[in-house]
Amino acid sequence: MHSHNTSMNHSPMDCIAEETVFSIGEAAKRIGSTIKTVRYYDEIGLVKPSRYTEGGHRLYTAEDIRLLELTAALRYMDFGIDDIRHIIYGEVPVDAAIDEHIQLLELQVRTLTNMMALLHQAKEQGGDALRYLVKLVHTRTVSAEQREQYISEKVEESHLFKDIPVEWRDPVLYFFNKYVVHQPRTTAKQTAAWLELQTLMSDPQFIADLKKVELQFSSITNQPRYHASLWIKKIEDVQSRLNHALKQQYTAGSKAVQSIIDEMALLHANSKQSRPKESFFHAYAQYIESTRTTRLERCNALCAIISPQYRQLYKGSLLLYRGVQWRLQHQ
């Protein structure tokens, strides 16, 4: 560790050189963690050291230590790595991130309470406890067929897609059906998420939010650039590219992400639009904003609990949203 020079006459470069820095071991000790963990945060690009010695050893500044302390605190509260990344780099509002995590913890509490109740009921059966437990779990589990029927009835009851041509109704719900409705046998936590999702779907404001998104989407279906079946294949390709971008940790302004945005914009443009112009990207940003209401965000969070694949889809949509914002700011 280096100490500050007390000389009154030094250049800005001298100040940088004299800034107090800490070795990786000292950094780990200051946050009450291990060298292995601090090194891991560097390797995944979460908290990287600002400086290195001539020999290539990591050196952490006071600001680096602050980020490490924040990361340690958020990990203690069971925030995921991606969630922490969004928080410490200002990609999501702190209040929104905390609210979402509180809701997740509340769901976990309900899940654990339900599991304990099942175990207590099974225990009361004495020697037949395990067989009874299997029966209890079976009665609580919601099958893919039951989920599909429930969604079908809700869509019909709410007249959700009355302005969408029949051949485009499956594309609208494509990823939801693929990853959430058709999810194979679920855990207690996933079942609890589905039950909360059912409650959400009975909320008139949630339906109203969905109808606003439907209204925006109808511009595609009225004068489609592609046939519905081809549109699905192209959306699958976009999602695959977004997954790759996430894996490579590409930024919102990178060529790769901006190229995906161009492709996605074409998918949301009607047949009369040759190439999306600036006005289109403003309209496209408004479309994405319409999907980010409190209830729709909660829906996405619950779907991400039910399906790991949907979680990846949701992360891709967030990267897409940040990419559109970057595009508008730099046009």
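Engineer: If you had to explain the side chain of Asp42 to someone new, which residues and values would you point to?
Structural biologist: Its place among the elements puts Asp42 in helix H3 (residues 35–43). We classify Asp42 as buried; its relative accessible area is 5%. Beyond its immediate sequence surroundings of up to four residues, Asp42 is in contact with Val47, Lys48, Pro49, Tyr52, Arg58 and Tyr60.

Engineer: If you had to explain the packing of aromatic side chains to someone new, which residues and values would you point to?
Structural biologist: Under the defined criterion, the tally for this structure stands at five aromatic pairs. For the ring pair Tyr150 and Trp194, a centre distance of 6.1 Å and an interplane angle of 75 degrees mean the geometry is edge-to-face. Pair noted here: Tyr150 is in helix H8 (residues 144–158) and Trp194 is in helix H11 (residues 188–201), with a separation of 44 residues, a long-range link. By relative accessible area, Tyr150 is classed as buried at 17%. Judged by its relative accessible area of 1%, Trp194 falls in the buried class. Ring centres of Trp168 and Trp231 lie 5.6 Å apart, and the angle between their planes is 70 degrees; on these two criteria the pair is classed as edge-to-face.

Engineer: Break down helix H10 (residues 174–181) for me, with residues and values.
Structural biologist: Given 3.6 residues per helical turn, the α-helix brings residues three or four places apart onto the same face. With six of eight residues buried, H10 is to be regarded as a mostly interior element. Listed as buried for H10 are Phe175, Phe176, Asn177, Tyr179, Val180 and Val181. Where H10 is buried, its residues contact H8, H11, helix H13 (228–247), helix H16 (294–306) and helix H17 (308–330).

Rules of the game
Residues numbered from 1 in each chain as written. Predicted model: local features only at pLDDT ≥ 70, side-chain atom pairs only at ≥ 80, totals over all residues. Heavy atoms only, no water. Helix = DSSP H or I, 4+ residues; strand = E, 2+ residues; numbered from the N terminus. Buried < 20%, exposed > 50% of the residue type's maximum accessible area, 1.4 Å probe, protein only. Contact = heavy atoms within 4.5 Å. Phe/Tyr/Trp six-rings, centres within 6.5 Å; stacked < 30°, edge-to-face > 60°.

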